[in-house]
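# Structure assessment
One letter stands for each residue in the lines below.
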Amino acid sequence: MHVRRIGAVAAAAVAVVAARDLVQKRHALLRNFPVIGHARYALETIGPELRQYIVTSNEEERPFSRDQRSWIYASAKEENNYFGFGTEVDVEHVQGHAYIKQRTFAAGALPDAHDPQAPLPSAKVLGGPRGRAKAFRPASAVNISAMSFGSLSGAAITALNKGAALAGTMHNTGEGGLSPYHRNGGDIVLQIGTGYFGCRNEDGSFNLDRLKDVVASAPVRAIEIKLSQGAKPGLGGMLPGAKVTSEIAAIRGIPAGKDCASPSRHSAFGDVDSMLDFIELLAAETGLPVGVKSAVGEMGFWQELATLMERGDRGVDFVTVDGSEGGTGAAPRIFADSVSLPFRMGFSRVYGTFAELGLTDQLTFIGSGKLGLPENAAVAFALGADMINVAREAMLSIGCIQSQKCHTDKCPTGIATQNPWLTRGLDPASKSTRTAAYLRTLRKELLKVSGAVGVAHPGFITADDIEILNGDYEARTLAGVYGYKDGWGELGPQLADELTALLAAADPRR
């Protein structure tokens, strides 16, 4: 035994010496050939692209796998987006995958899911329950999420807005204000963040008159107050100084060339009670539906909001719940990875808070956070979402390659950059048609899934129609996983009848 121990020690010593020699030789090689040392950094720089196209499998890459990106690219180009030879998902062992339960018979007449023009309206009238002067039913349950001019290039915003117009969807401005690039025909949801860009005084405080001027100058259909977002909840937005051009500075009312960090909290209100007063003021002055967007952390805020809305005198017209999976711009890693809840858990908690008080028919629920894929969108509707917003998926439709350089101003596709040399390659005219094609295809896929479940609209998919599998030994419905009670996630009888009649009237086959 003693001899063997001595032998092991000797072998370890030899290994240490060999390793030291190897390191010395490596250093000598790098000194003699500096280009090899630089190659390491070059490879690190293009690491995301190498992993996407060479290293990882079709289902491994994050945030979006190769299969997911391929589906979006093909849909945007109106090419064959089918897949052959079966699934690559490890269905026998994967945990957390959602499976939709098809029905043998339909509950009623189904729309033509193969028609790219088939309507997919919102199940609810935005602002209707609170009697807003400009209440309306959104023509599309799928819309473009908040991405600011500044974070994205003018060419990218133009392509998205023109695409929204072609597809009949709404386009959220993001908190960066309403730019000239948002004025290309698409209906607008004007987002107001903590920086009040476009409607602020010189000291950064809110200015109501400027807001009214902005609303009057464009086809603004609703106002969204951003409390927080999935990528950096509780932190406020960040636009690096490299992206703050003189044009962006003029639109936002900030200094050019300096980091633009939005405050983490609003100055126009400081609690739920004053927030509701602010919302009612904006709705009264503009006539528009007004809602809030937030990631989900502690639940006290939502409980107080629901309790105050139960009185009936004040309330939000819609709630946009953003999952922590979201993120189109710069964020500290700790916030992107570990602050706020993922969409399904966060949304279900917020929905349940309003459901406990019987309020779910009184406001519109909007989901965001990687919902631009049919399977994720179907889950969102089953949990009670009335509409979904898509962001990164819309970026992919206009050419994003997931290089993950959004925060550097060096986006190689000209989407998330203000560099003129990079943005000149993005043609808004051609890319807008791709955005529209992607949005139409997503709606069509949702109608196909709805038809498989035997219902005419994804708003009729329930939390019992989808199961979450834990490998090959356990499965639970969404209702069971997220603690939904009977009827939660479903439309009330009156809303269901209205939606059924609306779909029947719009069906050209009748």
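Residues numbered from 1 in each chain as written. Predicted model: local features only at pLDDT ≥ 70, side-chain atom pairs only at ≥ 80, totals over all residues. Heavy atoms only, no water.

### A short note on the nonpolar core
The biggest cluster of nonpolar side chains holds 124 residues, and the ones touching the most others in it are Leu305 and Phe354. Take this core: its biggest share by element is eight residues, from helix α15 (residues 428–453). Apart from the residues lying within four places of it in its own chain, the contact partners of Phe354 are Trp302, Leu305, Ala306, Met309, Leu359, Thr360, Leu363 and Phe365. Of all hydrophobic cores here, the second largest spans seven residues; its members include Ala456, Leu495, Leu499 and Leu503. (Core = buried A, V, L, I, M, F, W, Y, C linked by side-chain atoms within 4.5 Å. Buried < 20%, exposed > 50% of the residue type's maximum accessible area, 1.4 Å probe, protein only. Helix = DSSP H or I, 4+ residues; strand = E, 2+ residues; numbered from the N terminus. Contact = heavy atoms within 4.5 Å.)

### Here we look at the state of the cysteines
Applying the stated criterion across every chain, the model contains zero disulfides. In this structure Cys400 is not part of a disulfide, and its nearest cysteine sulfur, from Cys406, lies 6.2 Å away. Since its relative accessible area comes to 14%, Cys400 is described here as buried. (Disulfide = S-S within 2.5 Å.)

### Observations regarding the sheet that holds strand β13 (residues 475–477)
Ordered in space as β1-β12-β13, the three strands form an open sheet in which the pairing is antiparallel. At either margin of the open sheet sits one strand with a lone partner, and together these are β1 (95–100) and β13. On average, each strand axis in the sheet is tilted by 30° relative to the strand beside it, whichever way the strands run. The sheet contact formed by β1 and strand β12 (residues 466–470) spans five bridges and is antiparallel. Note on β12: the bridge partner recorded for Ala98 is Ile468. (Pairing = 2+ DSSP bridges. Axes fitted to C-alpha atoms, helices over the stretch in contact; angles between N-to-C directions.)

### Examining the confidence of the model for the chain
Put simply, the chain has an average pLDDT of 87, and 84% of its residues get 70 or more. Segment residues 1–7 is flagged for pLDDT under 50; beyond a separation of four residues in sequence, or across chains, it makes zero contacts in the model. (pLDDT = per-residue confidence, 0-100.)

### Regarding the packing of helix α6 (residues 208–216) against helix α8 (residues 272–286)
The angle between the axes and the distance between the axes are what describe a pair of packed helices. Where α6 contacts α8, the axes come no closer than 11 Å and their chain directions differ by 50°. When the axis of α6 is compared with that of α8, the two are oblique. Crossing handedness for the pair α6 and α8: right-handed. Between α6 and α8, the residues in contact are Leu208, Leu211, Lys212 and Val215 and Leu281, Leu282, Glu285 and Thr286, respectively. Taken together, the residues that form the contact of α6 with α8 break down as five nonpolar, one polar and two charged. (Parallel < 35°, antiparallel > 145°, perpendicular 65-115°, else oblique. Left-handed = near helix turned anticlockwise from the far one by under 90°. Nonpolar A, V, L, I, M, F, W, Y, C, P; charged D, E, K, R; others polar.)

### Describing helix α4 (residues 66–76)
Within α4, ten of the eleven residues are buried, leaving the element largely enclosed by the surrounding structure. When we look at burial in α4, the residues that qualify are Arg66, Asp67, Gln68, Arg69, Trp71, Ile72, Tyr73, Ala74, Ser75 and Ala76. A positive phi of about 55° marks Glu78, the residue just after α4.

### Here's the deal with the packing of aromatic side chains
Geometry of an aromatic ring pair is reported as the spacing of the ring centres plus the angle between the planes. Enumeration according to the criterion identifies 13 aromatic pairs in this entry. On the numbers, 4.9 Å between centres and 80° between planes, the contact of Phe301 with Trp302 is edge-to-face. Each member of the pair, Phe301 as well as Trp302, is classed as buried. For the pair Phe347 and Phe365, a centre-to-centre distance of 6.0 Å together with 75° between the ring planes defines the contact as edge-to-face. Taken as a pair, Phe347 in helix α11 (residues 343–355) and Phe365 in strand β10 (residues 364–368) lie far apart in primary sequence, 18 residues in all. Like Phe365, Phe347 is buried. An aromatic cluster is present here, built from Phe343, Phe347, Tyr351, Phe354, Phe365, Tyr484 and Trp488 joined pairwise through their rings. Its end group placed over the ring of Phe136, Arg221 keeps NZ or CZ at 3.9 Å from the ring centre. Just above the ring of Phe64 sits the side chain of Lys370; from NZ or CZ to the centre is 5.2 Å. (Phe/Tyr/Trp six-rings, centres within 6.5 Å; stacked < 30°, edge-to-face > 60°. Lys NZ or Arg CZ within 6 Å of the ring centre and 35° of its normal.)

### Overview of the packing of α4 against α15
One can describe the packing of α4 onto α15 by two numbers: an axis separation of 7 Å at closest approach and a directional angle of 115°. In this view, α4 runs roughly perpendicular relative to α15, as classed from their interaxial angle. At the point where α4 passes α15, the crossing takes the right-handed sense. Residues Trp71, Ile72, Ser75 and Ala76 of α4 form the contact with α15, whose own contacting residues are Thr433, Arg434, Ala437, Tyr438, Thr441, Leu442 and Glu445.

### Quick notes on the pattern of salt bridges
Oppositely charged side chains can form a pair if their charged atoms are brought close together. Applying the stated criterion to the full structure yields 14 salt bridges. Measuring nitrogen to oxygen at the nearest pair gives 3.0 Å for the salt bridge that ties Asp386 to Lys124. Here the residue Asp386 occupies a position in the loop between α12 (374–383) and β11 (387–390), and Lys124 occupies one in the loop between β1 and β2 (142–144), the gap between them amounting to 262 residues. Across this residue pair, the class does not change: Asp386 and Lys124 are buried. The network of salt bridges with common partners includes Arg130, Arg132, Glu280 and Asp317. (Salt bridge = Lys/Arg side-chain N within 4 Å of Asp/Glu carboxyl O.)

### A look at the pairing of strand β8 (residues 290–295)
Summarising burial for β8: six of the six residues are buried, a large majority. As paired elements, strand β5 (residues 220–226) and β8 share four bridges and run parallel to each other. Looking at β8, one finds that Glu224 is bridged to Gly291. Examined bridge by bridge, β8 and strand β9 (residues 318–322) share five bridges and lie parallel to one another. Looking across to β9, one finds that Ala295 is bridged to Asp322. Note that the unit made of β8, helix α9 (residues 300–309) and β9 has a crossover that is right-handed. (Right-handed = clockwise from strand over helix to strand, strands pointing away.)

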